[in-house]
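Commentary on secondary and tertiary structure
Here is how the chains run, residue by residue.
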Amino acid sequence: MYGEILVATDGSDIAATAADRGLEIAERLEATVHVVSVVDRADVDDESVHERHRTYVERVERDCHDRGLTVETSVRSGRPRRELLECADECDVELIVMGTHGRTGLERWLMGSVAIAVVREARCPVLTVNATVSEPAGTIDDVLIATDGRPGVEAAVDRGLELAAAYDSRVHAVSVVDDVHSHTSIVLEALEEIGERSTSAIAERASERGLETERAIERGVPHREIVAYADERDVDLVVVGTESRSGLDRVVAGSVSQRVIGTAPVPVVSVRTIER
């Protein structure tokens, strides 16, 4: 589990924050770290840009050595999304770590662009950190696993519980009933019943691992309620699922996952369920 971790960097402060979180997890799990920076194809012939990106990876490499981690580094050229995904596949990576925004201009890794594309297409979980995450990396005492009972969250539950077990974390199984788009009582009651079943299943599996659990069924706008819960309960990590449908990667519950990634006050692990 999480034996190979890819840390993507573009030299930005947010990338540094993400790397710090990724290296803490790597240290806990004794994982090998692959540090990667991608020179945009527009700058492929500019040696000064390549040198700058080498500086980025060397900075993270030093942090890895300070933690006693095994590390490999590379500077690749091309489209950032494609290069990161290809590197992840080539190295059998089990977790990708990256910030959701980067530098300005051609090197900028925009939410909705590179980060979200990686989340939607990666074969492994992706840990993202947005600009609101400011607390230094530390132990993960509380993990929130969001569920709506759909098949797209199955892999997220599995990987979320694995991480929680590694840290002996308290597991928060949270389901949100969207009462904004549906006001029919029979529909809301059915959704609450699904939430009860799905959160109970997570709590039962967590208890089997000896983990403390809490369940919550909330009502409101899903991403807002998930983020609010994480903030109010001092959750350290949020785990959400993405789902593949008809050859296109659709974020579960519309754009819930994407909005959680962009607004959560803590790192978010997105896990894609791949249809066979």
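Just so it is clear, the structure is predicted and the values come from calculations on it, not from any experiment.

**A look at the pairing of strand E6 (residues 142-146)**
For E6, the tally of buried residues reaches five of five residues, placing the bulk of the element in the interior. Burial along E6 is two-sided: the residues Asp142, Leu144 and Ala146 and Val143 and Ile145 are all buried. Two strands pair when backbone bridges link them, and E6 and strand E7 (residues 170-177) are joined in this way by five bridges, in the parallel orientation. Bridge pairing in E7 places leucine 144 opposite histidine 172. The β-α-β motif built from E6, the intervening helix H5 (residues 154-167) and the parallel element E7 has right-handed crossover chirality.

**Thoughts on the environment of valine 153**
Within the element layout of this structure, valine 153 appears in the loop between E6 and H5. Given the relative accessible area of 7%, valine 153 is considered buried. Put simply, valine 153 and valine 38 are 115 residues apart on the chain and 30 Å apart in space, counted from C-alpha to C-alpha.

**Comments concerning the nonpolar core**
Counting residues in each nonpolar core, the largest one holds 41 residues, and the members touching the most others are Ile25 and Val33. Apart from the residues within four sequence positions on either side, isoleucine 25 is in contact with Ile5, Leu95, Leu127, Ile140, Leu163 and Tyr167. Counting residues in hydrophobic clusters, the runner-up holds 37 residues, among them Val38, Ala88, Ala122 and Val174.

Rules and cut-offs
- Residues numbered from 1 in each chain as written.
- Predicted model: local features only at pLDDT ≥ 70, side-chain atom pairs only at ≥ 80, totals over all residues.
- Heavy atoms only, no water.
- Buried < 20%, exposed > 50% of the residue type's maximum accessible area, 1.4 Å probe, protein only.
- Helix = DSSP H or I, 4+ residues; strand = E, 2+ residues; numbered from the N terminus.
- Pairing = 2+ DSSP bridges.
- Right-handed = clockwise from strand over helix to strand, strands pointing away.
- Core = buried A, V, L, I, M, F, W, Y, C linked by side-chain atoms within 4.5 Å.
- Contact = heavy atoms within 4.5 Å.

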